[in-house]
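Single-letter residue listing:
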Amino acid sequence: MKFRLLSFSLFLLSIAGIQAQSPSHKTLDIDINKKGAGIAPDMWGLFFEDINFAADGGLYAEMIKNYSFEFPSPFMGWRRVQEDGAMGYHYTKPHMDESKNKKYLQLQRLNDEGVFGMSNEGFRGMAVKENQNYRLTFIAKVAKGEDLAINAQITQGRKVLAETRIEKLTDDWKEYEVMLNASETADGVNFRVILEGEGELDIDMISLFPEDTWMGRKRGMRKDIVQLLADMKPGFLRFPGGCIVEGFDLENRYQWKNTIGEMKDRGTMINRWNIEFAHRNAPDYFQSFGLGFFEYFQLSEDLGAEPLPILSCGLACQYNSGEIVPLAALDEYVQDALDLIEFANGSVDSHWGAKRAEMGHPEPFGLKYIGVGNENWGPQYIERADVFEKAIKAAYPEITIVSTSGPSPDGHEFDYLWKALTERNAELIDEHYYKSPEWFRNGARRYDDYDRNGPKVFAGEYAAHSTTEKDALKKNNWEAALSEAAFMTGLERNADIVRLASYAPLLAHVDGWQWAPDMIWFDNLDVYATPNYYVQKLFSTNPGTQILQITENGETLAGEDGIYASSTYDENTKELIFKIVNTNEEAKAFTVKLKGSYKGNGKGIWQELQSDDLGVSHNLKEPKKIVPVEKSVSVQKKAIEVSLKGQSVNVFRLKI
Ligand code: AHR
């Protein structure tokens, strides 16, 4: 896998307008006095979607699958435990209230011999860590019998790794909370609720979480995963997707109001990725909405990221049903958007602001963006977007609206939407590209010619796909990551147009994924970041506030001789930042000359991400084959002399 062909064709391209360069040495100039347009402080962000078991079974640390028996097959994930002569039955029964939690489990035990109860398998397994506490909560009532007790256990085969006994169960519904402490680290464990004594026990909402979650929150998120996100210092968090926003039909669309408040009021819904890909079937993929809109806003706040919710525009996924809400019936959808802004920003005296306060956050979340639709296309989208725009701007002129340009970065639909949205003075247009590494390398000039007076761009979903072969595993390999880095120098150079950018998708369970590549992978015990993650992190943690030009003979570099470069000034730290991506197999020597006033201390930091092997990727056992290496560089006579390894991404920071 070499980039020679690309370099050669770019060289041919270059001879018309760009002076031919020596292949072994390059001289680049940065005029630090010529600061260009400002860079959005939130430019590099995160795209989160509940795909690949990213929410339930992933970021959201719940360990029990189908915790409230609301899946259409109410015992999916559960199995009856009946050992050593125990006799009994299990049923579901309906709750008689108005909540969205419709069913509960009844355990009927007919004798007092052996072991009887139910066992849960978790999300593609379950894992515990030695000496860690696990918080079990459930609601229960005794329907028949005396002195019934529950023995809650975490087991591996017949070996008990943690257990605790709950006695004095009452005959009215009550919530119970106990801790289990794991005696060892183990994967492939089960959770068992064992009923002791003859009689009938009603039980529901059986939930098990590590005590040690992100910020120590109850029913919280996996600390190890959130830490990787926090380390990126993301500028924004887009949620909840992706196609999940649209749903395969309108009924299945994401409705944020069903995801807030008490768990019993959140309901459970099939995840659209459950049935999307025959080659990655996931019949056990549902949404508990334990990770709902309040939690997304809270996570954004934790990360210091702007929340960026995307809502259904009244068009279901056009790859699936393409179901459309008639314009006359669009009010409910528009109202959802207005209410969401009130939920995020409204005072505690407002209807939805009060709900936010009830959930523990009286202060507003400071929402600035709202997205209308995801990957929708055609005049039907424009008609609906118009209605949303009018209503949102009338009530909240300060909110920036994100519009979609469909699923492809070019072609008839893309052109149609860009034209229509430009005529409407759209503010921010969401572009998506899942393309080959070569497309990314060749695309570093994509935004050079965009109209500087038109709408701004949100590169809302992108990733280089190592193969375009249908159903083949697309890998997070170094070729993909290096090519994304090359492309991203083009985003940064055009940061006056490209206001926001996010790699997609974010998370994937190694045993539960539907879509690859993904930025971060995990199992129930561990997590690892891909080379693509490290590329993203290099950009997001080294952003700068203003664009500077880095040129060779007055021309920007976007693939000439396989070299890509961008540069910024950070007015907060008074630093010059520049990035050079060398996609050649061999090293290249550079002289980087600093023009303009330089009063630095002659030293700088150089972060290098490199591999000789374009095919290399990470996995749970080898999670850090390609990670940034930090070195120092010196500035002499206002110039840096440096040799950049082949296939490397390099970020330099200098006090100026
Ligand atoms: O990121 C995965 C999917 O790709 C998103 O849900 C969708 O918007 C795009 O097609």
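Model, not experiment: these values are computed from the prediction. (Residues numbered from 1 in each chain as written. Predicted model: local features only at pLDDT ≥ 70, side-chain atom pairs only at ≥ 80, totals over all residues. Heavy atoms only, no water.)

Explain the overall build of the chain to me, please; I cannot follow it from the model alone.
Along the backbone of the chain there are eleven helices and 36 strands. Rg of the C-alpha trace for the chain: 27 Å, near the compact-globule value of 26 Å for 656 residues, within the 12% margin. For the chain, the C-alpha atoms occupy an extent of roughly 90 × 55 × 45 Å along the three principal directions. When each of the 656 residues of the chain is scored for burial, the buried share is 60%. The long-range fraction of contacts in the chain, counting pairs at least 24 apart against all pairs at least 6 apart in sequence, stands at 77%. In the chain, 73 positive and 97 negative side-chain charges are present, and the distance between their average locations comes to 5 Å. (Helix = DSSP H or I, 4+ residues; strand = E, 2+ residues; numbered from the N terminus. Rg over C-alpha atoms; globule rule 2.2 N^0.38 Å. Buried < 20%, exposed > 50% of the residue type's maximum accessible area, 1.4 Å probe, protein only. Contact = heavy atoms within 4.5 Å. Lys, Arg positive; Asp, Glu negative; His and termini not counted. Charge placed at Lys NZ, Arg CZ, Asp CG, Glu CD.)

Whenever I open this one, the pattern of salt bridges confuses me. Can you help?
Oppositely charged side chains are able to pair whenever their charged atoms sit close together. Considering all chains together, one arrives at 47 salt bridges under this definition. Taking the shortest distance from any N to any O, the salt bridge between Asp-29 and Lys-595 comes out at 3.9 Å. A residue pair is termed long-range when its members are at least 10 positions apart, and Asp-29 in strand β1 (residues 25–31) and Lys-595 in strand β32 (residues 588–595) qualify at 566 residues. With a relative accessible area of 15%, Asp-29 lands in the buried category. Its relative accessible area of 41% is what places Lys-595 among the partly exposed residues. For the salt bridge of Asp-31 with Lys-34, the shortest nitrogen-to-oxygen distance reads 3.9 Å. Beyond isolated ion pairs, a larger network of salt bridges with shared partners links Lys-65, Glu-121, Arg-124 and Asp-284. (Salt bridge = Lys/Arg side-chain N within 4 Å of Asp/Glu carboxyl O.)

Would you take a moment to explain the sheet that holds strand β27 (residues 546–548) for this structure?
As a general point, the strands of a sheet are linked pairwise by backbone hydrogen bonds and lie either parallel or antiparallel. Reading across from one edge, β27-β30-β31-β36-β33-β34 is the order of the six strands in this open sheet, with antiparallel pairing throughout. Looking at the sheet topology across the chains shown, the edges are occupied by β27 and β34 (629–634). Each neighbouring strand pair of the sheet contributes to a mean axis angle of 25°, computed without reference to strand direction. In this structure, β27 lies alongside strand β30 (residues 563–570), joined through three bridges in antiparallel fashion. Bridging from a neighbouring strand, Leu-548 pairs with Ser-567 of β30. Helix α10 (residues 478–493) rests against β27, β30, β31 (575–582), β33 (603–610) and β36 (648–655) of the sheet, and its axis sits at about 50° to β30. (Pairing = 2+ DSSP bridges. Axes fitted to C-alpha atoms, helices over the stretch in contact; angles between N-to-C directions.)

Explain α10 here, please?
Given 3.6 residues to a turn, an α-helix orients residues that are three or four positions apart in the same direction. With 16 residues, α10 ought to run about 22 Å at 1.5 Å a step, and its terminal C-alpha atoms sit 23 Å apart, in line with that. Burial of α10 is extensive: 16 of the 16 residues sit out of reach of the surface. In this structure Asn-477 caps α10, since a side-chain oxygen of it lies 3.3 Å from the backbone nitrogen of Glu-479. (Expected span 1.5 Å × (residues − 1). Polar contact = N/O pair within 3.5 Å; in protein donor to acceptor, adjacent residues only side chain to side chain.)

How should I be thinking about the site of the ligand in this particular structure?
Surveying the vicinity of the ligand reveals the residues Phe-47, Glu-49, Gly-242, Cys-243, Trp-273, Asn-374, Glu-375, His-432, Tyr-434, Glu-461, Pro-505 and Trp-515. Note that an oxygen atom of the ligand is positioned 2.5 Å from one of the side-chain N or O atoms of Glu-49. Between Tyr-434 and the ligand, the recorded distance is 2.7 Å, taken from a side-chain N or O atom to an oxygen atom. For the ligand, whose accessible area on its own is 280 Å², the fraction buried by protein is 96%. Partitioning the shell around the ligand into residue classes produces six nonpolar, three polar and three charged. (Near = heavy atom within 4 Å. Areas by Shrake-Rupley, 256 points an atom, 1.4 Å probe, with all protein chains shown as cover. Nonpolar A, V, L, I, M, F, W, Y, C, P; charged D, E, K, R; others polar.)

Just to check I follow, could you spell out helix α2 (residues 223–231) for this structure?
If you check which residues of α2 are buried, you get Ile-225, Val-226, Leu-228 and Leu-229. Summarising the axial view, the buried residues of α2 lie within an arc of 155°, below the 170-degree limit, and thus occupy one face. Trailing α2 by a residue or two, Lys-233 shows a phi angle of about 50°, which is positive. (Arc of directions from axis to C-beta.)

So what exactly am I meant to see when it comes to the confidence of the model for the chain here?
A low pLDDT means the predicted coordinates there should not be read in detail. Across the chain, pLDDT averages 95, with 96% of residues at or above 70. Contacts of residues 1–22 to residues separated by more than four positions or lying in other chains number 34 contacts, the stretch itself having pLDDT below 50. (pLDDT = per-residue confidence, 0-100.)

It is not clear to me how the environment of Leu-338 should be interpreted in this structure. Could you clarify?
Of note, Leu-338 is situated in helix α5 (residues 331–345). When its relative accessible area of 15% is taken as the criterion, Leu-338 is described as buried. Here the alpha-carbon distance between Leu-338 and Tyr-396, two residues 58 residues apart in the chain, equals 8.4 Å. Residues in contact with Leu-338, not counting those within four places in the same chain, are Ala-391, Ile-392, Ala-395 and Tyr-396.

Just to check I follow, could you spell out a nonpolar patch on the surface for this structure?
Together, Met-87, Tyr-89, Tyr-91 and Leu-110 make up an exposed nonpolar region whose accessible area comes to about 370 Å². As for its placement among the helices and strands, Leu-110 is situated in the loop between β5 (103–109) and β6 (115–120). A residue is classified by how much of its surface remains accessible, and Leu-110, at 39% relative accessible area, is partly exposed. (Patch = residues over 30% accessible without salt bridge, like charges linked within 9 Å, V, L, I, M, F, W, Y side chains within 5 Å.)

For this particular structure, what's the right way to read the UniProt feature "domain: Alpha-L-arabinofuranosidase C-terminal" (unreviewed entry) in the chain?
The sites that carry the UniProt feature "domain: Alpha-L-arabinofuranosidase C-terminal" (unreviewed entry) are, in the present numbering, residues 460–648. Taken end to end, residues 460–648 is 14% helix and 39% strand, and its two terminal C-alpha atoms sit 25 Å from one another. (UniProt positions renumbered as here; feature names shortened; annotations may be inferred.)

I tried to follow the sheet that holds strand β14 (residues 199–210) on my own but got confused; where do I start?
Here we have five strands laid out as an open sheet, ordered β4-β5-β14-β8-β11, and antiparallel in their pairing. Unpaired on one side and paired on the other, β4 (88–94) and β11 (174–181) mark the two borders of the sheet. Each strand axis lies, on average, 35° off the axis of its neighbour in the sheet, ignoring direction. Of the pairings in the sheet, the one linking β4 to β5 comprises seven bridges and is antiparallel in character. Residue Lys-93 lies in a different strand from β5, and its bridge partner there is Tyr-104.

Would you take a moment to explain the domain arrangement of the chain for this structure?
The accessible area lost on association of the parts is a frequent measure of interface size. Under the domain assignment, the chain is made up of domain 1 (23–40 + 548–655), domain 2 (46–62 + 216–522) and domain 3 (78–210). Using C-alpha coordinates to define each centre, domain 2 is positioned 37 Å away from domain 3. Taken together, the contacts link 21 residues of domain 2 with 13 residues of domain 3. Taken over both partners, the interface formed by domain 2 and domain 3 buries close to 1,500 Å², and the fraction arising from carbon and sulfur atoms is 55%. Where domain 2 touches domain 3, the interface holds two salt bridges. With a shortest N-O distance of 2.6 Å, Arg-124 and Asp-284 are connected by a salt bridge. Taken together, the links from domain 2 to domain 3 amount to ten residue pairs in polar contact (both at pLDDT 80 or more). (Domains from an automatic or database assignment. Buried area = accessible area lost by both parts, 1.4 Å probe.)

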